[in-house]
Structures are given as C-alpha cells and as structure tokens.
Amino acid sequence: MSIQENIRKLDAEIPGHVAIIAVSKRKPVEDIMQAYEAGHRIFGENRVQELIEKQPLLPGDINWHMIGHLQTNKVKYIAGFVDMIHSVDSLKLALAIDREADKTGRVIPVLLQVHIADEESKFGFSEDELNSLLDSQELSVLRNIRIDGLMGMATYTEDLEKIRSEFRYLGEVFSRVKNAYFAGSDHFRQISMGMSGDYEIAIEEGSTMIRVGTVIFGARTY
Ligand SMILES: *Cc1c(COP(=O)(O)O)cnc(C)c1O
C-alpha cells in the first residue's frame, strides 16, 4: 500500500480523540509530502539535526513534534517552530526549553517522559522523580513551557501483556499526577504512548497520542 493509503487507513481505524504523530525519521521529504497530501499535518522527528534540515523544505502548516531525547544545547535550534516536545526528561532540559521559548516569544507545549520500561536505555522520570520535579519551585515559575501531559515507551518485547501493564502503569501515573498537580488544568490531558507495534494496546490503555512511523512509511533503512 502507498503512504497515502496507509495514513487514510490508520485515520479511519483510530478513535477521534487520539492524535497520530507520523514519525518521519530517516524518511525523505517526498515521503512526508505523500502523507501531507493525504491531509496529515502532525509529524514527529527524534533528532534535531534531521528536523532542522527538513522543516524549511516542507509546508509551513505542518505541526512538528520532537519525540526523541533532546540535549539542552540543541533546544535553541528548534524553539522557534516546534509544536510539542514529548521527551522532557530533566529539570535542566525544562529550564533550557523555557529560556529558549522566552527568547522567541513562544510558549512551548511539552510532555514529561516517564520511564516505564525495564530497560536501562530508555530515558525518563520515575514517579518519585516526577513528584519531586513538580514540587520544585524552579519548575513552577516557568512561563514559557506548558506541561500538557506524559510520554512513555514500553519495553521492546513480544510480550504483549508486559507492554499492556507498562502502558496501564503510565495511565495510572497520569491520573495521580493530574489529581495532585493539574486538577484545574485544561491542558494537562495528553498521554503519548504507542508505536507501530503496540498502538492498539496503547489506545486501549488510554493513549491520546500515538507515535507511529513504520505503519505509515514502511520499514526504515539505516
Ligand atoms: C522511531 C520512534 C517511534 C516510531 O517507531 P515505529 O515503530 O516506526 O512506529 C516512536 N517514538 C519514538 C520516540 C521513536 O524514536
């Protein structure tokens, strides 16, 4: 099937309250244009370098989401245009995003990444770390980031029940954090979880944003 058919099929299959972040990493701008012409507007990249190379070549009404690990010294390259950063995994990064957003006169929506996998390699806060972060005075004074929810990545495994329990856990952390810190907020409502292999489970467990590349663009060659 073509990229256009893939995206239309996925759109038809996914409930309306779930946003599809089309992960276009390692894919050329021509492929992104295929999805764009099918009406898709939200794309995700995981590397700053690739994002800043593609963004100027593509239509201005694309919403760009940064979904990968982000170094504080690279925030300045994307702060002027990025529509959401899914991968805030330290106070230092939150401070850097706020500072760079302030310089460009923007408020950048972000998600806090939670470590839900039992793999060392995945970034993110534990629930305790999340609570300390949200209690901190330093975070509460920031005016140029807006915390819209949480993001997580499940363990890379075939064990679907394990994946489900990790997504369920993220949903529970989301509810606790919302009640404790964002009860009055209309913005704190996103749970970014689910990739090509597990988005159906993620939606069943409360995902509001799936980040899918392979099911739209096909396998990536490295
Ligand atoms: C690559 C990537 C995805 C999408 O992966 P697929 O398996 O191709 O859907 C989702 N989230 C992050 C953070 C990624 O780096």
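Refer to the structure printed above.
Given the structure is predicted, the values throughout are model-derived calculations rather than measurements.

1. With respect to the site of the ligand
1) Next: What surrounds the ligand is the set Val23, Lys25, Asn46, Ile67, Met153, Met195, Ser196, Arg211, Val212, Gly213, Thr214 and Arg220.
2) Next: One of the side-chain N or O atoms of Arg220 is found 2.8 Å from an oxygen atom in the ligand.
3) Next: Taken by itself the ligand offers 380 Å² of open surface, and the protein chains cover 91% of this.
4) Next: A breakdown of the residues in the shell around the ligand according to their chemical character gives five nonpolar, four polar and three charged.

2. Quick look at helix 5 (residues 91–103)
1) Next: Over its 13 residues, helix 5 extends 19 Å from the first C-alpha to the last, a length consistent with the 18 Å expected when each residue adds 1.5 Å.
2) Next: Residues Leu93, Ala94, Ala96, Ile97, Asp98, Glu100 and Ala101 constitute the buried set of helix 5.
3) Next: Check the buried side of helix 5 and you find it contacts helix 4 (75–78), strand 4 (84–88), strand 5 (108–114), helix 7 (137–140) and strand 6 (145–152).

3. Some details on the pairing of strand 5
1) Next: Most of strand 5 sits out of view: seven of its seven residues are buried.
2) Next: The side-chain alternation of strand 5 yields two buried faces, one formed by Ile108, Val110, Leu112 and Val114 and the other by Pro109, Leu111 and Gln113.
3) Next: Where strand 4 meets strand 5, two bridges bridge the pair, whose relative direction is parallel. Considered in strand 5, the bridge of Ile85 is made with Val110.
4) Next: With helix 5 bridging strand 4 and its parallel neighbour strand 5, the resulting β-α-β unit is right-handed.
5) Next: Bridging between strand 5 and strand 6 involves seven bridges; their strand directions are parallel. The residue of strand 6 that forms the bridge with Leu111 is Gly149.

4. Description of the environment of Leu70
1) Next: With respect to the helices, strands and loops of the structure, Leu70 is situated in the loop between strand 3 (63–66) and helix 4.
2) Next: Relative accessible area serves as the criterion here: at 3%, Leu70 is assigned to the buried category.
3) Next: Residues Leu70 and Val88, 18 residues apart in the sequence, show an inter-C-alpha distance of 7.6 Å.
4) Next: What Leu70 contacts, discounting residues up to four positions off in sequence, is Val48, Val75, Ile78, Ile85 and Leu93.

5. Description of the side chain of Asp31
1) Next: Among the secondary structure elements, Asp31 is positioned in helix 2 (residues 29–37).
2) Next: In this structure Asp31 is buried but unpaired, with Lys27 as the nearest side chain of opposite charge at 4.8 Å.
3) Next: Every residue in contact with Asp31, bar those within four places of it in the chain, is listed here: Ile3 and Phe217.

6. Quick look at the environment of Ile52
1) Next: Locating Ile52 in the fold gives a position in helix 3 (residues 48–54).
2) Next: The partly exposed category is assigned to Ile52, whose relative accessible area is 26%.
3) Next: Each C-alpha atom of the pair Ile52 and Ile78 lies 7.1 Å from the other, and the pair is 26 residues apart in sequence.
4) Next: The residues contacting Ile52, other than those within four sequence positions of it, are Tyr77, Ile78 and Phe81.

The rules behind these values
- Residues numbered from 1 in each chain as written.
- Predicted model: local features only at pLDDT ≥ 70, side-chain atom pairs only at ≥ 80, totals over all residues.
- Heavy atoms only, no water.
- Near = heavy atom within 4 Å.
- Polar contact = N/O pair within 3.5 Å; in protein donor to acceptor, adjacent residues only side chain to side chain.
- Areas by Shrake-Rupley, 256 points an atom, 1.4 Å probe, with all protein chains shown as cover.
- Nonpolar A, V, L, I, M, F, W, Y, C, P; charged D, E, K, R; others polar.
- Helix = DSSP H or I, 4+ residues; strand = E, 2+ residues; numbered from the N terminus.
- Expected span 1.5 Å × (residues − 1).
- Buried < 20%, exposed > 50% of the residue type's maximum accessible area, 1.4 Å probe, protein only.
- Contact = heavy atoms within 4.5 Å.
- Pairing = 2+ DSSP bridges.
- Right-handed = clockwise from strand over helix to strand, strands pointing away.
- Lys, Arg positive; Asp, Glu negative; His and termini not counted.
- Salt bridge = Lys/Arg side-chain N within 4 Å of Asp/Glu carboxyl O.

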